[in-house]
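Structural description and commentary
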Amino acid sequence: MSRALAARHYTDPAIFDAELDAVFARSWVMVGHESQVATHGQVLTASVGDESVFVVNNGGRLGAFYNVCQHRGHELFGPPQPGGETLTVPGLITCPYHAWVYALDGTLASARSRDVGEICLPSVRLERLGGFIFVNLDEGAPTLAQVAPGVESELLANAPAAPERVLSWRNTHVMAANWKVVVENYNECYHCPNVHRSFTTGVVDPASYRISCEGKVIRHFARGAPAERSGYTRLDEGADYVAYFVWPASAIQVYPGQVVNTFRWVPLGVDRTLLVREFWLDTAEPSEVQREVIDLDWQTTATEDFGLVESVQRGLRSRGYSPGPLVCEPSGVGTVHSEDSVAHLGSLAQTALEPGRG
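Summary of the structure given here.

Right, let's talk about the nonpolar core for a bit. The nonpolar side chains of a soluble globular protein tend to be buried, and buried together. Counting 50 residues, the largest nonpolar core has Tyr 186, Phe 199, Tyr 209, Tyr 241, Phe 245, Trp 247 and Trp 265 as its most contacted members. Per element, the largest residue contribution to this core is seven residues, and it comes from helix α8 (residues 288-316). Apart from residues lying up to four places away in sequence, Tyr 186 is in contact with His 220, Tyr 241, Ala 243, Phe 245, Ala 251, Gln 253, Phe 263 and Trp 265. In terms of nonpolar packing, the next biggest core, distinct from the first, is built from 20 residues, Ala 148, Val 217, Tyr 244 and Val 260 among them.

Written as structure tokens, this is what we have:
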């Protein structure tokens, strides 16, 4: 019988520090959408674990780099904003400290008229999935397509316009919980009928909810709830709900009506995690009905989870806690009555920390 990870995996600062290198510096992490860097000179900043990176449009070609000047280490863009930000530079990137200047391809263009040799900003691997931008700090990691096989085609089958969408809404929240507590909570719906009443009556048919785990991807699927139950499904009665979680901390969802939305989780400390919640629609300003969907989601499903994960984090520090058995389906496909995904995530976390693995 599977059991939850030992409490130290969520409370030990040494394990958290090891995960920053073994997990976040070696995995594909979503940082935004290509619409945010659609024109020459647009820059998108983001956090990947404890690193700051930026994506820049250089004549239609996207590149990603570490956000650090190669002179004395000052951030080129900063201080980091929650969830990152989009800005535009005039064809060159100037360090705010000593005014060294870089071209958009990362090469040093000027060091205050001094010859300091050839210098280039360290690049970061960048790939796209259905219009969403992922980066990986590990030059030797498998491609995103290898890590998340089939996800792009499945996403586009459910939301063909995803690559053309724009950011319509963002909210952020810092939770007093370890990042694994947060992603485990997201990926199991065992708590949904008890806690997320709006979600399980207005968004999905809970009897149809299925969660399948394969490698570093966890897929969620459910039939949409009848339209008369909630404002959610007035957007498209009878459509399905799908979600794709990509290890370790990114998820793309499609609510009925092709309402594309994302979760990004940024680890801030052993017991602090930043949630970046975003909706990607046809226009920057949501319609009245879309706003109803967004507001209801934040006020119910999202907010309901904040107290849950923080309570779990406090409980994990209790002398009275020992890991309990996980309720799993013999088939390995999770439902609203099982926690198969929690066992899978625990395995991924442990494997990442094994010598030579990740």
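Here the narrative resumes.
Another aspect to go through is the state of the cysteines. A complete count under the given rule lists one disulfide for this structure. Residue pairing for Cys 189: its cysteine sulfur links by disulfide to Cys 192, the two sulfurs lying 2.0 Å apart. Disulfide Cys 189 to Cys 192: torsion about the S-S bond roughly -105°, handedness left-handed. The pair formed by Cys 189 and Cys 192 is uniform in burial state, with each residue classed as buried. Unpaired in terms of disulfides, Cys 95 finds its nearest cysteine sulfur in Cys 69, a separation of 3.8 Å. Summary of cysteine pairing: Cys 213 is not part of a disulfide, and the nearest cysteine sulfur, belonging to Cys 328, is at 9.2 Å.

Counting through the fold element by element, Ser 338 comes out in the loop between α8 and α9 (340-353). At 2.9 Å, the side chain of Ser 338 forms a polar contact with the backbone nitrogen of Thr 335. One polar contact links Ser 338 to Asp 340, side chain to side chain, over a distance of 2.7 Å. Residues contacting Ser 338, with those up to four places away along its chain left out, are Tyr 190, Val 327, Cys 328, Glu 329 and Val 333.

So, how was this worked out
Residues numbered from 1 in each chain as written. Predicted model: local features only at pLDDT ≥ 70, side-chain atom pairs only at ≥ 80, totals over all residues. Heavy atoms only, no water. Core = buried A, V, L, I, M, F, W, Y, C linked by side-chain atoms within 4.5 Å. Buried < 20%, exposed > 50% of the residue type's maximum accessible area, 1.4 Å probe, protein only. Helix = DSSP H or I, 4+ residues; strand = E, 2+ residues; numbered from the N terminus. Contact = heavy atoms within 4.5 Å. Disulfide = S-S within 2.5 Å. Polar contact = N/O pair within 3.5 Å; in protein donor to acceptor, adjacent residues only side chain to side chain.

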